[in-house]
Amino acid sequence: SGGKKSKVNPMVEELDNTPDYAELVTLLEVDGDSILVQPDNDLEQPQVYSYREAEANGQIKGRFAVGDLYSIYPDNDHRRVSICINVTELRGQWFYDMQQHRGMQFEEHGALSSINSERYSYKEWKLLNGKLYLYYVDMQQVSADRHEFLVEEAEIFAGGEGVITAPSQDMLQRTGTRM
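Residues numbered from 1 in each chain as written. Predicted model: local features only at pLDDT ≥ 70, side-chain atom pairs only at ≥ 80, totals over all residues. Heavy atoms only, no water.

Let us now look at the nonpolar core. In this structure, L90, F106, W125, L132, L134 and I164 are the most contacted members of the largest nonpolar core, which totals 19 residues. Those elements that provide at least two residues to this core are β6 (81-86), α3 (87-90), β8 (102-106), β10 (120-128), β11 (131-138) and β12 (150-157). With four residues, β10 is the single largest residue contributor to this core. Apart from residues no more than four positions distant in its own chain, F106 is found in contact with L90, R91, G92, W94, A111, L112, W125, L132, L134 and I164. (Core = buried A, V, L, I, M, F, W, Y, C linked by side-chain atoms within 4.5 Å. Buried < 20%, exposed > 50% of the residue type's maximum accessible area, 1.4 Å probe, protein only. Helix = DSSP H or I, 4+ residues; strand = E, 2+ residues; numbered from the N terminus. Contact = heavy atoms within 4.5 Å.)

Below, the discussion takes up the pattern of salt bridges. Here the structure, examined in full by the defined rule, presents nine salt bridges. D75 serves as the salt-bridge partner of R80, at 3.0 Å between the closest nitrogen and oxygen. Residue classification places R80 among the partly exposed residues on the basis of a relative accessible area of 36%. You can call D75 buried: its relative accessible area is 12%. Of the charged contacts in the structure, one is a salt bridge between R119 and D138, with a shortest N-O distance of 2.7 Å. Highlighted residues: R119 in the loop between β9 (112-115) and β10 and D138 in strand β11, separated in sequence by 19 residues. A single salt-bridge network, built from bridges that share partners, covers E53, D75, D77 and R80. (Salt bridge = Lys/Arg side-chain N within 4 Å of Asp/Glu carboxyl O.)

To continue, consider the sheet that holds strand β4 (residues 60-61). Hydrogen bonds between backbone groups are what pair the strands of a sheet, and the pairing can be parallel or antiparallel. One open sheet accounts for six strands, arranged β3-β2-β1-β5-β6-β4; its pairing is mixed. Strands with a single pairing partner mark the edges of an open sheet, and in this sheet they are β3 (47-50) and β4. Strand direction decides the pairing type here: strand β2 (residues 34-39) and β3, joined by four bridges, are antiparallel. From the neighbouring strand, L36 faces β3, where its bridge partner is V48. (Pairing = 2+ DSSP bridges.)

Pairing geometry for strand β1 (residues 23-31) and strand β5 (residues 69-74), over four bridges, is antiparallel. Counted as the bridge partner of E23 is I72 from β5. Sheet topology note: the β1/β2 ladder contains six bridges and is antiparallel. Paired with E29 across the bridge in β2 is L36. Counted along the chain from β1 to the antiparallel partner β2, the turn is two residues long, and its residue G32 has a positive phi close to 60°.

Its place among the elements puts S82 in strand β6. The buried category is assigned to S82, whose relative accessible area is 18%. Sequence separation between S82 and N57 is 25 residues, and the spatial gap between their C-alpha atoms is 8.3 Å. Excluding anything up to four places from it in sequence, S82 contacts E53, A54, Q59, Y73, P74 and D75.

On the secondary structure map, N129 appears in the loop between β10 and β11. Engagement of the side chain of N129 in a polar contact is seen with the backbone nitrogen of Y21, the distance being 2.6 Å. With sequence-adjacent residues up to four places away left out, N129 is seen in contact with T18, P19, D20, Y21, A22, Y73 and I83. (Polar contact = N/O pair within 3.5 Å; in protein donor to acceptor, adjacent residues only side chain to side chain.)

Note that all results are geometric; they support no functional claim without further evidence.
Written out as structure tokens, the structure reads:
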């Protein structure tokens with residue numbers, strides 16, 4: 001078996017070894033410019049955070065909806081949120097080609113799958129420190145080893161149905177109803 005050896009992508013290893021300071025929380029209440037959230041580990045008491053700074057900086061991704069799951073990136077004093085991403089709204093189908101119905105399906109626990117895509121095979125998504133990363137394989141350079149996957153940082157934009165921009169696909173648009 002003298003097959004060509006694929007290159008390990010150092011970014012995959014780097015992301016795997018980067019500590020994540022964001023917290024997964026469930027939204028319990030919105031009160032003025034503060035949110036009351038329950039940390040996902042259920043061991044901690046509900047926490048109150050101001051979201052004014054995140055809102056001013058355009059870093060609230062998605063809508064506030066009680067019961068939804070969020071990834072929040074708190075500032076150093078753990079009283080304010082710098083970045084707030086609605087993970088519940090992130091799940092579902094996003095398309096980069098509406099006519100050909102091409103895109104990707106975001107599922108729970110970081111699972112990501114392609115929809116009608118010949119060029120890219122999407123594998124997983126990860127939120128790390130308030131940033132969204134997409135892991136995928138270019139089908140012209142097939143790879144089975146996770147450490148060989150291509151990775152890109154995508155940008156989530158709030159508003160309307162939602163938009164994600166990813167370098168490989170320009171712009172992804174949300175369709176359909178909330179999951």
